[in-house]
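Residue strings, one per chain:
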Amino acid sequence: MAKSFTQNIPLVEQGWVISPSRETPWTNANGVCHDSMIPLGRDSQGRLWALFGHTRAGGVTLWSGASIDDLHKIGHVRFNFELGEAGFAFNGISYPEGVRSRGGLWAMGLWIDTSDDTFYCYIHNETGWGAGATSYTAHGYQEGEPDFRHLGLMISHDYGRSWDFGGWIISSPEPCWTTAFQVEGMSGGQDPDKFCLGAGDMTLFVNDQDKHLYIYFTKSCAGVGTNIYAARAPMSSNGLPGSWRKYYNGSFSEPGNLGQESPVCLDACEPCVVYSTYLNQYLLSSYNGKLWRSGQGACQIAFSQDPVHFSYPIPLAPARQDLSYPYWTMCNSNTTGNLTVVAQTFRLIFEGNGTDLHQVDVTIPEPDSTTNLRRRDVK
């Protein structure tokens, strides 16, 4: 189980100042059909790069500029590998469990090695979408859900314009099929009435303090719930396959592919992680499914003094019906610096599956200010 600190935690719904929501340039009309957190990275010259979209609808577009407020669209990216049907997709490479890879991809994390400006994009893949007749779910060959997820890598040597597939980097220990549908004649499988969907819906956190790349990913399991897990790789490895180690039983000790995993944040989905220099803590945003389904503000925040022991998430602004969305990207809005390190005021960008993106600015008030920010212990 995830450990929660018994430290003073800001009670976010009592005093955090959230601006009115406003539009962004990332709209369907501008060729953006997004469905996750936003992959962001800076090159050796400090220029910001971003990827929006996925291959199921609208494709993936590349943007660049000086800051999050200065991004300009370059165009759709090109893939130097096939997507779609099993046997052709992802260079014919199989998933770590042995089933043939298939389907499309969602771009969810971006790391730029500033020694040579090679781009490394960490991607989400699902077996139930974009694979034609070979798409499958837990119940058979068909498009849809519940399907199985994997995390992979693609690499660009031309500033994000074209991409090579780099392999699968993180997968769960459970097989990506059930005994009710043993895809491709596989033996065994998960219980069809109680199974996990695998590792997916991730975010990348670049930790300059310990020189590691961190991936926080979502795992949903029937009867267990939806929790957040973590894996890390040395920056020097660029996150290539085999370099990732999952957090398990108190340490990063298990391999990224098929290794065991322990949750680092409970009852959360679709994470984004930043470090707040104002609070001297890590923040993990996610969405509260119950609030989202009821049309309330769904963003929730968890806190930690290290990258793995997050408190139970606290709703940010449930009364804000204009914030009833599932995907939340936290970042700074400055022209310099690591996008995963934020100050007292930071940017929060949000959307639903395929909606236009919107944004707000969030300010954490002074504890002794007139906003009367209260603090409490989280057990």
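Structure's up top.
Residues numbered from 1 in each chain as written. Predicted model: local features only at pLDDT ≥ 70, side-chain atom pairs only at ≥ 80, totals over all residues. Heavy atoms only, no water.

(A) Fine view of the pattern of salt bridges. Within this structure, the stated rule accounts for 14 salt bridges. Residue Asp147 is joined to Arg149 by a salt bridge in which the shortest nitrogen-to-oxygen separation is 3.1 Å. Exposure remark for Asp147: the relative accessible area of 0% places this residue in the buried category. Note on Arg149: relative accessible area 11%, which makes it buried. In this structure, Asp361 and Arg347 form a salt bridge, with 2.5 Å as the shortest nitrogen-oxygen distance. Here Asp361, found in strand E25 (residues 358-363), pairs with Arg347, found in strand E24 (residues 345-351); they are 14 residues apart in sequence, far enough to count as distant. (Salt bridge = Lys/Arg side-chain N within 4 Å of Asp/Glu carboxyl O. Buried < 20%, exposed > 50% of the residue type's maximum accessible area, 1.4 Å probe, protein only. Helix = DSSP H or I, 4+ residues; strand = E, 2+ residues; numbered from the N terminus.)

(B) Representation of the nonpolar core in the model. Core analysis: the biggest nonpolar cluster contains 31 residues, and Leu51, Phe90, Val99 and Trp163 have the highest contact counts within it. Among the nonpolar cores identified, the runner-up in size contains 27 residues, and Trp16, Leu279, Leu283 and Leu348 belong to it. (Core = buried A, V, L, I, M, F, W, Y, C linked by side-chain atoms within 4.5 Å.)

(C) Representation of empty space enclosed by the protein within the structure. The final tally for this structure, using the stated rule, is 1 cavity of 30 Å³ or more. Size it by volume and the largest cavity reaches roughly 40 Å³. Glu97, Phe148, Arg149, His150, Ser172, Glu174, Pro175, Cys176, Gln190, Cys196, Leu197 and Gly198 together form the lining of the largest cavity. Grouping the constituent residues of the lining of the largest cavity by class yields 5 nonpolar, 4 polar and 3 charged. (1 Å grid on protein atoms, 1.4 Å probe; cavity = no way out; pocket = protein on both sides within 12 Å on 5 of 7 lines; lining within 4 Å. Points joined across faces, edges and corners; volume = space filled by probe spheres on them. Nonpolar A, V, L, I, M, F, W, Y, C, P; charged D, E, K, R; others polar.)

(D) Layout of the state of the cysteines. Overall, the coordinates contain 1 disulfide when judged by the stated rule. A sulfur-sulfur distance of 2.0 Å marks the disulfide that ties Cys196 to Cys221. Since a negative S-S torsion denotes a left-handed disulfide, the Cys196-Cys221 link at about 115° is right-handed. A residue pair is termed long-range when its members are at least 10 positions apart, and Cys196 in the loop between strand E12 (162-170) and strand E13 (200-207) and Cys221 in strand E14 (residues 212-221) qualify at 25 residues. The thiol of Cys121 is unpaired, and the distance to the nearest cysteine sulfur, on Cys272, comes to 15 Å. With relative accessibility at 0%, the residue Cys121 sits in the buried group. As a non-bridged cysteine, Cys299 has Cys272 as the owner of its nearest cysteine sulfur, 9.3 Å distant. Accessibility expressed as a relative area gives 3% for Cys299, which makes it buried. (Disulfide = S-S within 2.5 Å.)

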